[in-house]
Amino acid sequence: MSGASEASEAVGRRAGSDALVEVRNLKTYYEGGGFLGGDPVKAVDGVSFDIRRGETLGLVGESGCGKSTLGRTLMRLEEATDGEVRLDGTDITTLSGDDLKQFREDVQMVFQDPDSSLNERMTVGELVREPLDVHDWKTPSERRARVRELLETVGLQEEHYYRYPHQFSGGQRQRIGIARALALEPDFVVLDEPVSALDVSVQAKILNLLEDLQNEFGLTYLFIAHDLAVVRHICDRVAVMYLGNIMEIGPAEALFDDPANPYTHALLSSIPEPDPTAKRDRITLRGTPPSPRNPPTGCPFSTRCPVKIRPEGYEEMDRGQWERIEVFREVLRERSRANPSLSDRARALLGRETHRADMDDIVAEVFDGHETDEEVMRHIREAAEYAEDGDEDAARTYLREEFNSVCDHEMPDQEAVGDGRVSLCHRHEPEYEEPATVFERLTD
Ligand code: ADP
Ligand code: MG
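These lines cover the structure that appears in this document, whether it is placed above or below. Worth saying up front: this structure is predicted, and the values here are computed from it rather than measured. (Residues numbered from 1 in each chain as written. Chains lettered and ligands numbered in written order. Predicted model: local features only at pLDDT ≥ 70, side-chain atom pairs only at ≥ 80, totals over all residues. Heavy atoms only, no water.)

1. Points about the overall build of the chain
Filter applied, for reference: Runs of E in the DSSP output that reach at least two residues are strands. Runs of H or I that reach at least four are helices, and both are numbered from the N terminus. With a 1.4 Å probe rolled over the protein chains alone, any residue whose accessible area is under 20% of its type maximum counts as buried; one over 50% counts as exposed, and the rest are partly exposed. Whether two residues are in contact is decided by their heavy atoms, any of which lying within 4.5 Å being enough. A 1.4 Å probe and the Shrake-Rupley method give the accessible areas. Residues count as covered only by the protein chains that appear here.
What the chain contains, in helices and strands, is 18 helices and 12 strands. Evaluated residue by residue, the chain yields a buried proportion of 50% over its 444 residues. Counted over contacts in the chain with a minimum sequence separation of 6, partners at least 24 positions apart contribute 64%. Carbon together with sulfur atoms contributes 44% to the accessible area of the chain, which is approximately 21200 Å² in total.

2. Quick look at the pairing of strand 10 (residues 245–251)
Where we set the bar: Strands pair, by our definition, only if DSSP identifies at least two bridges between them.
Counting buried residues along strand 10, 6 of its 7 residues qualify, which places the element largely inside the surrounding structure. Note that strand 9 (residues 237–242) and strand 10 share 6 bridges and pair antiparallel. Its bridge partner lying in strand 10, tyrosine 242 is registered against asparagine 245. Taken together, strand 9 and the strand that follows it, strand 10, pair antiparallel across an intervening segment of 2 residues, in which leucine 243 is found at a positive phi of about 50°. As paired strands, strand 10 and strand 12 (residues 422–424) are joined by 2 bridges and run antiparallel to one another. From the neighbouring strand, isoleucine 249 faces strand 12, where its bridge partner is valine 422.

3. Section: helix 11 (residues 262–269)
Counting buried positions along helix 11 yields 8 of 8 residues, so the element is predominantly enclosed. Looking at helix 11, one finds that the buried residues are Pro262, Tyr263, Thr264, His265, Ala266, Leu267, Leu268 and Ser269. Summarising the contacts, the buried residues of helix 11 are in contact with strand 3 (56–60), helix 9 (228–234), strand 9, strand 10, helix 10 (252–257) and helix 18 (435–442).

4. Notes on the packing of helix 14 (residues 359–367) against helix 15 (residues 374–388)
What counts is decided by this rule: To obtain each axis, a line is fitted to C-alpha atoms, and for helices this fit is confined to the stretch in contact; angles are then taken between N-to-C directions over 0 to 180 degrees. Throughout this description, any angle smaller than 35 degrees is read as roughly parallel, any larger than 145 degrees as roughly antiparallel, any in the 65 to 115 degree range as roughly perpendicular, and the remainder as oblique. Here a crossing is called left-handed whenever its near helix is offset anticlockwise from the far helix by less than a right angle, and right-handed whenever the offset is clockwise. Under this grouping Gly is polar, as are all residues other than the nonpolar Ala, Val, Leu, Ile, Met, Phe, Trp, Tyr, Cys and Pro and the charged Asp, Glu, Lys and Arg.
Interhelical geometry of helix 14 versus helix 15 gives an angle of 150° and a closest axis separation of 10 Å. As the angle between them shows, helix 14 and helix 15 are arranged roughly antiparallel. For the pair helix 14 and helix 15, the sense of crossing is right-handed. Within the contact between the two elements, helix 14 uses Met359, Asp360, Val363 and Phe367 and helix 15 uses Met377, Ile380, Ala384, Ala387 and Glu388. The class makeup of the residues in the contact of helix 14 with helix 15 is 7 nonpolar, no polar and 2 charged.

5. So, the site of ligand 1
Operational definition: Proximity criterion: a residue is near a molecule or strand once any of its heavy atoms comes within 4 Å of it. Any N or O atom pair separated by 3.5 Å or less is treated as a polar contact, with the protein-specific requirement of one donor-capable and one acceptor-capable atom, and with residues adjacent in sequence counted only for side-chain atom pairs.
Residues in close proximity to ligand 1 include Tyr30, Val41, Ala43, Glu62, Ser63, Gly64, Cys65, Gly66, Lys67, Ser68, Thr69 and Pro292, which together make up its full environment. Glycine 66 is positioned with one of its backbone polar atoms (N or O) 3.1 Å from an oxygen atom of ligand 1. Lysine 67 is positioned such that a nitrogen or oxygen atom in its side chain is 2.9 Å from an oxygen atom of ligand 1. Starting from 560 Å² of accessible surface for ligand 1 in isolation, the protein chains cover 60%. At the level of secondary structure, the elements contributing two or more residues to the shell around ligand 1 comprise strand 2 (41–52) and helix 2 (67–74). With 3 residues, the single largest contributor to the shell around ligand 1 is helix 2. By residue class, the composition of the shell around ligand 1 is 5 nonpolar, 5 polar and 2 charged.

6. As for unusual backbone geometry
The phi angle at asparagine 25 is positive, at roughly 50°, despite the residue not being glycine. Among the secondary structure elements, asparagine 25 is positioned in strand 1 (residues 19–30). If you check the backbone angles, aspartate 136 has positive phi at about 55° while not being a glycine. Within the element layout of this structure, aspartate 136 appears in the loop between helix 5 (124–134) and helix 6 (140–153). On the basis of relative accessibility, which here comes to 59%, the residue aspartate 136 falls in the exposed class.

7. A closer look at the side chain of arginine 129
Assignment of secondary structure puts arginine 129 in helix 5. Taking the relative accessible area as the measure of exposure, arginine 129 reaches 18% and is therefore buried. Setting aside residues up to four positions removed in sequence, arginine 129 forms contacts with Pro140, Arg143, Arg144, Val147 and Tyr161.

8. Brief notes about helix 18
The line we're drawing: As used here, the arc belongs to the directions running from the helix axis to the C-beta atoms.
Turning to helix 18, its buried residues number three or more, namely Pro435, Val438 and Phe439. Take helix 18 and look down its axis: the buried residues cluster within an arc of 105°, on one side only. Buried residues belonging to helix 18 abut helix 11.

9. Quick word on the packing of helix 12 (residues 319–335) against helix 15
Between helix 12 and helix 15, the shortest axis-to-axis distance is 12 Å and the interhelical angle comes to 5°. As the angle between them shows, helix 12 and helix 15 are arranged roughly parallel. Judged by residue contacts, Gln321, Ile325, Phe328, Leu332 and Arg335 of helix 12 engage Val376, Ile380, Ala383, Ala384 and Ala387 from helix 15.

Structure below.
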């Protein structure tokens, strides 16, 4: 499979040599402890990308897709399971001793929730000074001067020095968090949803501050957000994450105006259009993302992709029937998950309780009242029998083999798709229609 060096070549060629951060085939797994034990959570599952000096790279995706884990791994707050992270050419995943200490000065993180990241017993002055003390930065009086300077830089007053965080508003507390992050003059800052907890009016002020600071100090940002609208304004390039993978990465404008990847397409179509008369294809995604403990074998997005490649013999089948097969497969997947709370998801999918319902009911629920090919029904019943006998795995495998899409079986490669973008989708291979073409037909 594609090793770190191969991925490096593919991504590096496009990024040029101005990269500050180079990530290659990075994986971060959380070992399964707890009563379930078993499979690790594949929070980050093989990502490769660069962050250029002085740029803001946005990282977007639904909750739980691995954004924070990726950010924390770049900061060495989580240990990488595999792959490389280079900062200024040095692999940081293996740093120790003085090198690690230096690294902890060069990179910083700003967290979403200023409340829980600030110690309430410390004054603002102490909070901002803490990183300087920890790193033995210059002399005590220089530190005091530095703190005053930092407070001013982030728009706080000198008299705030002796106050406590709870005396401040959310926006001001985030300013304190930013001052702390800047104290040691870092090169690279990971901003993990820095404005998500703030009122909209305050968000704009903090975003402006972050942009000003970037210009003044030549900072490089990884800006994590689930709000795509925020990202569009502040980011030079954007990476779209799904189930531990980067589905698409590229210049913000190109990615927003003309998404290449089906997942980006779906994600964008869920943003409310500011102009309600504007024509925007609406795509509603069925179901929920699969568990990162047990991701799909092929493309990460294959279980929900609206433009999934059909297997031979099913190309001409009408969309409704194909969709019902996919829904049935999704119900089987939901049922086979051990976590009881997930039955809610299956229920949402069918609009009723499914985990206790027997297979006959489920088959009826999905297929009754619709025309279905005899051959298809035979396969559905066969799978239903496996499931009824308690072998959910066999049922799912049976359907995967029968409705054998390349998307179910093979992980796509990262393909360059123009305008400096890279996208993970089998549809960019020459023998298939491009996602955009198929979307157009879907929304006709
Ligand atoms: P995001 O920031 O995109 O919401 P996270 O990186 O927080 O996503 O989480 C990615 C996945 O890893 C989720 O399934 C989450 O439940 C899991 N996860 C996060 N932190 C841990 C941890 N410390 N131990 C085990 N699993 C974790
Ligand atoms: Mg997060």
